[in-house]
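# Analysis of the macromolecular model
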Amino acid sequence: VVSSAHADGSVWAEYRGEEVYGPQPTTYGLKPQEGNIHELVALSHCAFFDVLAPPYDPRYGRDCTYYRCEQQEDGGRCLLVPMELYGFYMDTLQYRGPTFAP
């Protein structure tokens, strides 16, 4: 659960729990307003393939923002502050796989 954003782009988020996927390949869907702030941690060597439909596009309000937890409260709330990633690259390619229905 995320509260409204502050002028600097920071948001308060509420911790909802932890789920571990694998080692078998798995698919997981996120929705625009639920579960969309998430953290990925590799427990072993792996690959992560992210298919976004529709793709990120800041012109249409579909930004990809990375955050760091700057302040944590009892009860699991955390103030997430936008951060820059150095050496990170993202590209958009046309999806040519099977039809995806959320």
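Before any of the text, the structure's been laid out above.
Residues numbered from 1 in each chain as written. Predicted model: local features only at pLDDT ≥ 70, side-chain atom pairs only at ≥ 80, totals over all residues. Heavy atoms only, no water.

Another point: the overall build of the protein chain. Tallying secondary structure elements over the protein chain gives 0 helices and 3 strands in all. Walking the protein chain from its N terminus toward its C terminus, one meets helices and strands in the order β-β-β. Within the protein chain, buried positions represent 10% of all 102 residues. Residue pairs at least 24 apart in sequence account for 40% of intrachain contacts in the protein chain once pairs closer than 6 positions are excluded. Summed over its atoms, the accessible surface of the protein chain is roughly 9600 Å², and 52% of this surface lies on carbon and sulfur atoms. (Helix = DSSP H or I, 4+ residues; strand = E, 2+ residues; numbered from the N terminus. Buried < 20%, exposed > 50% of the residue type's maximum accessible area, 1.4 Å probe, protein only. Contact = heavy atoms within 4.5 Å. Areas by Shrake-Rupley, 256 points an atom, 1.4 Å probe, with all protein chains shown as cover.)

In the structure shown here, the tally under the stated rule is 3 salt bridges. A salt bridge links R59 to D57; its shortest N-O distance comes to 2.8 Å. For R59, a relative accessible area of 68% corresponds to the exposed category. Overall, D57 belongs to the buried group, its relative accessible area being 11%. (Salt bridge = Lys/Arg side-chain N within 4 Å of Asp/Glu carboxyl O.)

Sheet topology note: the strand β2 (residues 66–72)/strand β3 (residues 77–83) ladder contains 6 bridges and is antiparallel. Counterpart to Q72 in the pairing with β3 is C78. Once β2 ends, the chain turns through 4 residues before running back antiparallel as β3, passing G75 with a positive phi of about 95 degrees. (Pairing = 2+ DSSP bridges.)

Moving on, we get to a nonpolar patch on the surface. Together, L52, Y56, Y66, M83, L85, F88 and M90 line one region of the surface with nonpolar side chains, adding up to about 570 Å² of accessible area. In this fold, M83 is placed in strand β3. (Patch = residues over 30% accessible without salt bridge, like charges linked within 9 Å, V, L, I, M, F, W, Y side chains within 5 Å.)

The next point concerns the side chain of S10. With respect to the helices, strands and loops of the structure, S10 is situated in the segment before β1 (11–14). A polar contact is formed between the side chain of S10 and the side chain of D8, at a distance of 2.6 Å. (Polar contact = N/O pair within 3.5 Å; in protein donor to acceptor, adjacent residues only side chain to side chain.)

Another aspect to go through is the pairing of β3. Every regular strand shows the same layout, with side chains that alternate between the two sheet faces. Here β1 pairs with β3 via 4 bridges, running antiparallel. Its bridge partner lying in β3, W12 is registered against L79.

Pairing in this open sheet of 3 strands is antiparallel, and the strands run β1-β3-β2 from one edge to the other. Sheet topology places β1 and β2 at the edges, where each strand pairs with a single neighbour. Recorded for the sheet is a direction-independent mean angle of 45 degrees between the axes of neighbouring strands. (Axes fitted to C-alpha atoms, helices over the stretch in contact; angles between N-to-C directions.)

On their own, these measurements won't tell you what the molecule is for.
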